[in-house]
Each structure stands twice: as C-alpha cells, then as structure tokens.
Amino acid sequence: MQRRLLFIPVSGGRGGGELQRSLILARTLRAQAGDAVDIRFVVHRQAPFPHEEFQATPLPGSPTRSEAEVAAAITGFAPHLCLFDSSLRMTALHAARDAGSRTAYLSARPNSRWRGLDPRKRHLLDAHWLLAPDRLGAPPPWPERLGRLLLRDTRFRYFDAVFEPPDDAEAGRLLATHGLAAGGYDLVCPGGPGYVVDGMAPMALMAAAGGARDLPVLAVDPGEHALPPGWTALPRMPNRVLMGLVRGARLNVINGGGLLVQALSLGAPCLAVPMQEEQAQRIAAFAARNAVLTCAAQRDAVAAAWQDASNDPVALDALRERARALGLRNDLQAMIDELRTLLDA
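Quick summary incoming for the structure in this document. (Residues numbered from 1 in each chain as written. Predicted model: local features only at pLDDT ≥ 70, side-chain atom pairs only at ≥ 80, totals over all residues. Heavy atoms only, no water.)

**Some points on the overall build of the chain**
Right, so step 1: Helices and strands together make up the secondary structure of the chain, namely 13 helices and 13 strands.
Right, so step 2: Considering only C-alpha atoms, the chain reaches an extent of 60 × 45 × 35 Å along its principal axes.
Right, so step 3: Counting across all 345 residues of the chain, residues that qualify as buried make up 53%.
Right, so step 4: Put simply, 64% of the contacts in the chain that link residues at least 6 apart link residues at least 24 apart. (Helix = DSSP H or I, 4+ residues; strand = E, 2+ residues; numbered from the N terminus. Buried < 20%, exposed > 50% of the residue type's maximum accessible area, 1.4 Å probe, protein only. Contact = heavy atoms within 4.5 Å.)

**Brief notes about the nonpolar core**
If you look at soluble globular proteins, the nonpolar side chains tend to sit buried side by side.
Right, so step 1: Counting residues in hydrophobic clusters, the biggest one holds 35 residues, and the most contacted among them are Tyr185, Leu187, Leu242, Leu245, Val246, Leu260 and Phe286.
Right, so step 2: At the level of elements, helix H6 (168–177), strand E8 (186–189), strand E9 (217–220), helix H8 (239–248), helix H9 (258–265), strand E12 (270–272) and helix H10 (277–287) are the ones that each hand at least two residues to this core.
Right, so step 3: If we skip the residues at most four places from it in the chain, Leu245 touches Ala171, Leu174, Leu175, Tyr185, Leu187, Leu234 and Met237.
Right, so step 4: One finds Ala26, Leu83, Leu332 and Leu343 within the second-largest nonpolar core, a separate group that totals 33 residues. (Core = buried A, V, L, I, M, F, W, Y, C linked by side-chain atoms within 4.5 Å.)

**Here's the deal with the side chain of Ser107**
Right, so step 1: By secondary structure assignment, the location of Ser107 is in strand E5 (residues 102–107).
Right, so step 2: Side chain to side chain, Ser107 and His128 meet in a polar contact 2.8 Å long.
Right, so step 3: Filtering out sequence-adjacent residues up to four positions away, Ser107 remains in contact with Ser112, Arg113, His128, Trp129, Leu130 and Leu131. (Polar contact = N/O pair within 3.5 Å; in protein donor to acceptor, adjacent residues only side chain to side chain.)

**Concerning the environment of Trp129**
Right, so step 1: In this fold, Trp129 is placed in strand E6 (residues 127–131).
Right, so step 2: Its relative accessible area of 0% is what places Trp129 among the buried residues.
Right, so step 3: Separated by 209 residues in sequence, Trp129 and Glu338 place their C-alpha atoms 9.5 Å apart.
Right, so step 4: Apart from residues no more than four positions distant in its own chain, Trp129 is found in contact with Leu83, Ala104, Tyr105, Leu106, Ser107, Arg157, Phe159, Met335, Glu338, Leu339 and Leu342.

**Quick notes on the packing of helix H1 (residues 17–33) against helix H13 (residues 332–344)**
Right, so step 1: Where H1 meets H13, the closest approach of the two axes is 10 Å, and the angle between their N-to-C directions is 70°. One way to sum up the angle between H1 and H13 is to call them roughly perpendicular. In the crossing of H1 with H13, the sense of the turn from one axis to the other is right-handed. Along its contact with H1, which presents Ile24, Leu25, Thr28, Leu29, Gln32 and Ala33, the element H13 presents Leu332, Gln333, Met335, Ile336, Leu339, Arg340 and Leu343.
Right, so step 2: For the contact of H1 with H13, the class distribution of residues is nine nonpolar, three polar and one charged. (Axes fitted to C-alpha atoms, helices over the stretch in contact; angles between N-to-C directions. Parallel < 35°, antiparallel > 145°, perpendicular 65-115°, else oblique. Left-handed = near helix turned anticlockwise from the far one by under 90°. Nonpolar A, V, L, I, M, F, W, Y, C, P; charged D, E, K, R; others polar.)

**Description of unusual backbone geometry**
Right, so step 1: Unusually for a residue other than glycine, Ala78 sits at a positive phi of about 50°.
Right, so step 2: Of note, Ala78 is situated in the loop between helix H2 (67–77) and strand E4 (81–85).
Right, so step 3: One non-glycine residue, Leu136, lies in positive phi territory at about 50°.
Right, so step 4: Within the fold, Leu136 resides in the loop between E6 and helix H5 (142–150).

**Side note on the sheet that holds strand E3 (residues 55–59)**
Right, so step 1: Sheet architecture is open: seven strands sit in the order E3-E2-E1-E4-E5-E6-E7, paired in parallel fashion. Whereas interior strands pair on both sides, the edge strands pair on one side only; in this sheet they are E3 and strand E7 (155–159). On average, each strand axis in the sheet is tilted by 20° relative to the strand beside it, whichever way the strands run.
Right, so step 2: Where strand E1 (residues 3–9) meets strand E2 (residues 37–44), five bridges bridge the pair, whose relative direction is parallel. The residue bridging Arg3 from the neighbouring strand is Val37, located in E2.
Right, so step 3: Of the strands in this sheet, E4 and E5 are in contact with helix H3 (residues 90–98), which crosses E5 at around 150°. (Pairing = 2+ DSSP bridges.)

**What about the sheet that holds E9?**
Right, so step 1: The strand order across the open sheet formed by six strands is E10-E9-E8-E11-E12-E13, and the pairing between neighbours is parallel. Sheet topology places strand E10 (231–234) and strand E13 (293–294) at the edges, where each strand pairs with a single neighbour.
Right, so step 2: Sheet strands in contact with helix H7 (residues 202–210) are E8, E9, E10 and strand E11 (251–254), and its direction is about 160° off that of E10.

Pasting the structure below:
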C-alpha cells in the first residue's frame, strides 16, 4: 500500500534552510522508494518551490502563522507521517493524531529545539531529531535531558549534517562554462535575505567587503544585488551541485547556518560570518577547534579576514585538515532510514 508523507517545514517568501532540508530528504526518499511513498508539502505560497516535482499546499504565511491551513492540509491528506521542521504547533499535532498520522520533529537551532521538549507534547510526538553538530560529542544541557525524561514516549536521535553527496561532475561542468576549475575560485553564499547586518543585506555586505579579488568569485543566488568586477552570479541549484562547488572552492565565505556544517563535513575551508547570535554560537564552537575562520559581520572585518586567508594558502590547507578532523557526518541516509521506519510503523 502506498504510504503518505507530509513535510511541514518553516518557510518564508524566499524559502529557507528548513525547506531546502526537507527537499533534500524528499528527493532522496523518492529516489529510493519511488512511487511507494506519496510525498507532499505545505509551504509559504511565495516560497521558491519545485511544483514540477512535488505537490504542495500553499499557505498565506509560514506554517507557524497558518495553523488553520496546516491543520486542514493534514486532515485532507491524512498522511501516515507528518515531518515538522522547526515548526511545531499544538493545533497541527492534534490534527495529525486525529488523522491517524505518526509525527516527527526536526530541530536545528536551540530556540526551535525546546518546542520538541514541551511536556504537553508527550503523547503527540513520536520522534524528535536534533541537528546538534556543534556540540562535538559534548552531552546535552540539563534542560534537554529533563525534557527527554518528561517525553519518555518520544524517540530522540541526534544527527550532524544532512546534504546530498557532492556531484563533482556536474559542478565541474558548471565551472567549465565560466572558464573555471576546482581550486580556482572563492564561493560566496551568505543566505539570510531577511537579515540586515552592518546596515546591509548579507550579499550586499559580502560584495562590499570582497570587492575585486585575486581569484574569481562565484556568488550563489545574489538576487538583485550588484556584484563587483570578477564576480559571477549563479542561480539556485540542486544541493548536490552546490556541495560540489563548496568542496572545490579555495575558500567558502558563508554564514553560520546549515551550509557551514555541510561544508565542514566535506572538509572545505570556510570563512563563517554570523548573521545572528545563534549562528555566532555555532561558529564559536568550531572556531574553538580552529576548524573555521570567522570575523564580525562588518564590512571592514570581512574584508580583512578574507584578504588574510587569500594571502596564506598553506594556512588554508591546514584549515581543511582541521575541518576534516572534526569528524562531522553526513547523516542523510540515517535520517531516510528513520523516515522509512516511521512510515512503515
């Protein structure tokens, strides 16, 4: 019998990391399970979404602000499993239970983690998957341990990173169209279009700080921002291709979100610039192991850190080795296995 899976990630008008993570899971599961699983989404109606791949219920806002619409989508689809990513409202959980659905929650940030530790959700949540790579083996804080005791019916599991294996061949073909090859470019992908740092949007900050470089710069999804000479704008692309570009870059200039963890899992050298306090905490954990370069989210600080890194190729090679030494895992298949177990339960 065909199983039904509903993804409910946080999503804004420009998408977001949670939506991209859900798409990575959905594509991987479809590649492995084929038509045995009917996969659908609920997403912000303005979010960039591949409607040619998956059916989606459009929402007037993020799932956290569209409770009635999310509950109606759950009731109408009656999924065997609802996977919530960073959005976990009681209304949706009750709707899932009423529809006979299993429930799983994926949290990647401290402020979203506590939603999956709420004692009121003890009998409503089957699984809580925590992305906590920055702990680097340290035990969970005591509030989290207490939450796990209170939610004894919920299965907790910890993961590092979730990304598609790099498609080096496709990345190489993309580079060749721009006359480039691995090691011959820097990559800029600061994300966070909703942030304002040093009075600018993240991509504008990077462009102002970077200027003309000694190597070409590839800027991923720059939107309408003007780019300096020597910079090339790249559109959104499949995660597997982006991972190939990240692994081949001399230096990745990025923020402290999910892409940083993906890059470090590949042993790629990074200059990580925090776009919010939560990212600063994650970056600090990796910087304490000297596995990532970092600086304040200010134009002059980014410019100086980027130039220093460019001037010292030996130090960049050492940075790659320290990133690999972190031992971060790509847990994509492990999470897919958990999904399939819940779907078949």
